[in-house]
Amino acid sequence: MLDWKKGKVNPFMSSIRARLRPRPMPLNIFQDIDGLPRIILTEPTGSSAQVLLYGGQVVSWKNERKEELLFMSSKANWKQSNAIRGGISVSLPQFGNLGSLEHGSARKRLWSLDRDPSPLSPSENQSSVDLILKSTGLDLKSRPCSFEFRLRISLSAGKLILIPRVRNTDNKALSFTLSITNYLSVSDISEVRVEGLETLDYFDNLMNRSKFTEQADAITFDGQMDRVYLRTPKKIAIIDHEKKRTFVLQKNAMPDAVVWNPGYRKAKALSDMGDDDYKFMICVDSAAVETQIVLKPYEEWQGYQELSNVSSSYCSGQLDPCKVLYGFQSPP
Ligand SMILES: O=P(O)(O)OC[C@H]1O[C@H](O)[C@H](O)[C@@H](O)[C@@H]1O
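Computed from a predicted model, the values in this text were never measured in an experiment.

### Quick notes on the overall build of the chain
Next, step 1: Of the regular secondary structure elements, the chain holds three helices and 22 strands.
Next, step 2: A buried classification covers 37% of the 332 residues belonging to the chain.
Next, step 3: Taking as baseline every contact in the chain between residues at least 6 positions apart, the subset at least 24 positions apart corresponds to 66%.

In structure tokens:
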């Protein structure tokens with residue numbers, strides 16, 4: 001620790017400060033039946049989340065009534081070397097197949113606990129965890145470059161916050177795309193509406209990435225959908241009429257949003273998805289896909305995603321149109 005007045009390390013002051021600092025509560029971490037280290041986050045109202053070091057992936061988020069809010073495929077492959085289909089994960093350093101790298105390779109690596117998440121202050125309770133993955137843990141033969149991924153996952157009443165960070169630790173520029181893939185649990189995809197994306201342009205991955213403009217008032221589902229909405233508002237609502245609950249997705253520094261449901265045919269073709277699983281899930285992702293993020297040497301990028309789950313009283317049409325368009329900022 002630096003004694004700032006003198007500008008150099010003072011071991012006496014350091015040891016006093018270390019003793020005065022509140023002791024962090026030990027993380028609730030155990031080895032699950034698949035041998036994967038799993039961290040349990042809890043908070044006073046009774047909600048909880050479970051995070052795997054493998055993939056830095058959130059595999060469960062339960063509300064205070066112990067209802068699961070995230071979708072997990074009935075055929076998810078829990079063996080290391082595959083991405084686990086479900087939960088919330090960060091696809092880095094490349095999302096999709098536009099580039100020379102593998103899609104979301106960070107989801108197939110063992111992350112570590114980050115004991116020094118500078119410049120965020122270290123979390124000192126059991127409702128937050130900091131993870132780190134260094135580029136040495138990734139096979140990047142096609143684009144060797146050194147960087148660090150950090151991810152803070154924080155749970156509070158009705159909310160789950162993810163703060164992804166990418167630090168370029170190299171002396172050359174680093175470019176990347178990413179997505180925070182949110183597999184949300186829904187009662188029946190045919191009863192779901194996504195609001196906040198109306199009138200926006202999108203790339204349709206099912207039509208060779210052709211560009212369209214959304215014409216509908218809200219997005220509804222009657223078959224496979226795979227779209228990247230561009231320059232989206234900071235707030236998107238995923239309304240589940242049957243379960244009478246709404247997910248509100250708020251994000252920063254990730255201008256795009258991916259909306260994906262495989263529908264029956266694609267789900268049947270995926271080896272790690274049950275035939276009917278598509279009915280009970282929707283992916284709405286915070287993403288930076290259309291334009292790569294470029295970091296100068298030693299620069300750091302920080303994103304933000306907040307998912308909250310609110311009851312049916314927050315229903316269709318209640319999104320403030322101003323906030324939908326401009327997030328929390330005032331209109332230009
Ligand atoms: O398969 P995941 O990486 O979990 O992502 C889910 C889906 O997201 C996007 O929409 C991609 O275009 C799909 O190809 C992908 O399958």
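Here the narrative resumes, following the displayed structure.
### Some remarks on the nonpolar core
Next, step 1: Leu184, Ile238, Val259, Ile282, Val284 and Ala287 are the most contacted members of the largest nonpolar core, which totals 72 residues.
Next, step 2: Ignoring sequence-local partners within four residues, the contact set of Ile238 consists of Leu184, Val192, Val194, Thr246, Phe247, Leu249, Ile282 and Val284.

### Brief notes about the pairing of strand 10 (residues 147-156)
Next, step 1: By the criterion of burial, strand 10 is predominantly enclosed, with seven of the ten residues buried.
Next, step 2: Pairing analysis gives seven bridges linking strand 9 (residues 128-134) to strand 10, with the strands arranged antiparallel. Bridging across to strand 10, Ser128 finds its partner in Ser154.
Next, step 3: As defined by bridge partners, strand 10 adjoins strand 11 (residues 159-168) across ten bridges and the pair is classed as antiparallel. Bridge pairing in strand 11 links Glu148 to Arg167.

### Observations concerning the site of the ligand
Next, step 1: Lining the immediate environment of the ligand, one finds Arg85, Ser91, Gly96, Gly104, Thr181, Asn205, Asp226, Val258, Trp260 and Cys283.
Next, step 2: Here the shell around the ligand is built from residues that sort into three nonpolar, five polar and two charged.

### A short note on the pairing of strand 19 (residues 256-261)
Next, step 1: The element strand 19 is largely enclosed, with a buried count of six among its six residues.
Next, step 2: Side-chain alternation along strand 19 places Asp256, Val258 and Trp260 on one buried face and Ala257, Val259 and Asn261 on a second face that is also buried.
Next, step 3: Here strand 16 (residues 225-229) runs beside strand 19; their pairing, made up of five bridges, is antiparallel. Paired with Asp226 across the bridge in strand 19 is Trp260.
Next, step 4: By the bridge criterion, five bridges tie strand 19 to strand 20 (residues 281-295) in an arrangement that is antiparallel. Bridging across to strand 20, Trp260 finds its partner in Cys283.

### Some words on unusual backbone geometry
In terms of backbone geometry, most residues other than glycine have negative phi values and most peptide bonds are trans.
Next, step 1: Following Leu92, the chain continues into Pro93 via a peptide bond in cis, with omega recorded as -10 degrees.
Next, step 2: Tracing the backbone through its elements, the reader meets Pro93 in the loop between strand 7 (88-91) and strand 8 (112-113).
Next, step 3: Here Ser118 and Pro119 are connected by a cis peptide whose omega angle stands at 5 degrees.
Next, step 4: In the Ramachandran plot, Tyr298 falls in the positive-phi region, its phi being about 65 degrees despite a non-glycine side chain.
Next, step 5: Mapped onto the fold, Tyr298 is located in the loop between strand 20 and strand 21 (300-302).
Next, step 6: On the basis of neighbour count, Tyr298 is assigned to the exposed category, with 11 C-beta atoms found within 10 Å.

### Looking at the confidence of the model for the chain
Next, step 1: Overall, the predicted model of the chain reaches an average pLDDT of 87, with 84% of residues at or above 70.
Next, step 2: Overall, residues 321-332 carries pLDDT values under 50, and its contacts beyond four positions in sequence, including any with other chains, amount to 14 contacts.
Next, step 3: This complex was scored by the predictor with a pTM of 0.87 and an ipTM of 0.93.

### A few points about the environment of Ala216
Next, step 1: In this fold, Ala216 is placed in the loop between strand 15 (210-213) and strand 16.
Next, step 2: On the neighbour-count criterion, Ala216 (11 C-beta atoms within 10 Å) is exposed.
Next, step 3: Between the C-alpha atom of Ala216 and that of Thr199, which follows or precedes it by 17 residues, the distance is 7.5 Å.

Conventions used here
- Residues numbered from 1 in each chain as written.
- Predicted model: local features only at pLDDT ≥ 70, side-chain atom pairs only at ≥ 80, totals over all residues.
- Helix = DSSP H or I, 4+ residues; strand = E, 2+ residues; numbered from the N terminus.
- Buried ≥ 20, exposed ≤ 12 C-beta atoms within 10 Å, placed from the backbone.
- Contact = placed C-beta atoms within 7 Å.
- Core = buried A, V, L, I, M, F, W, Y, C linked by C-beta atoms within 7 Å.
- Pairing = 2+ DSSP bridges.
- Near = placed C-beta within 6 Å.
- Nonpolar A, V, L, I, M, F, W, Y, C, P; charged D, E, K, R; others polar.
- pLDDT = per-residue confidence, 0-100.

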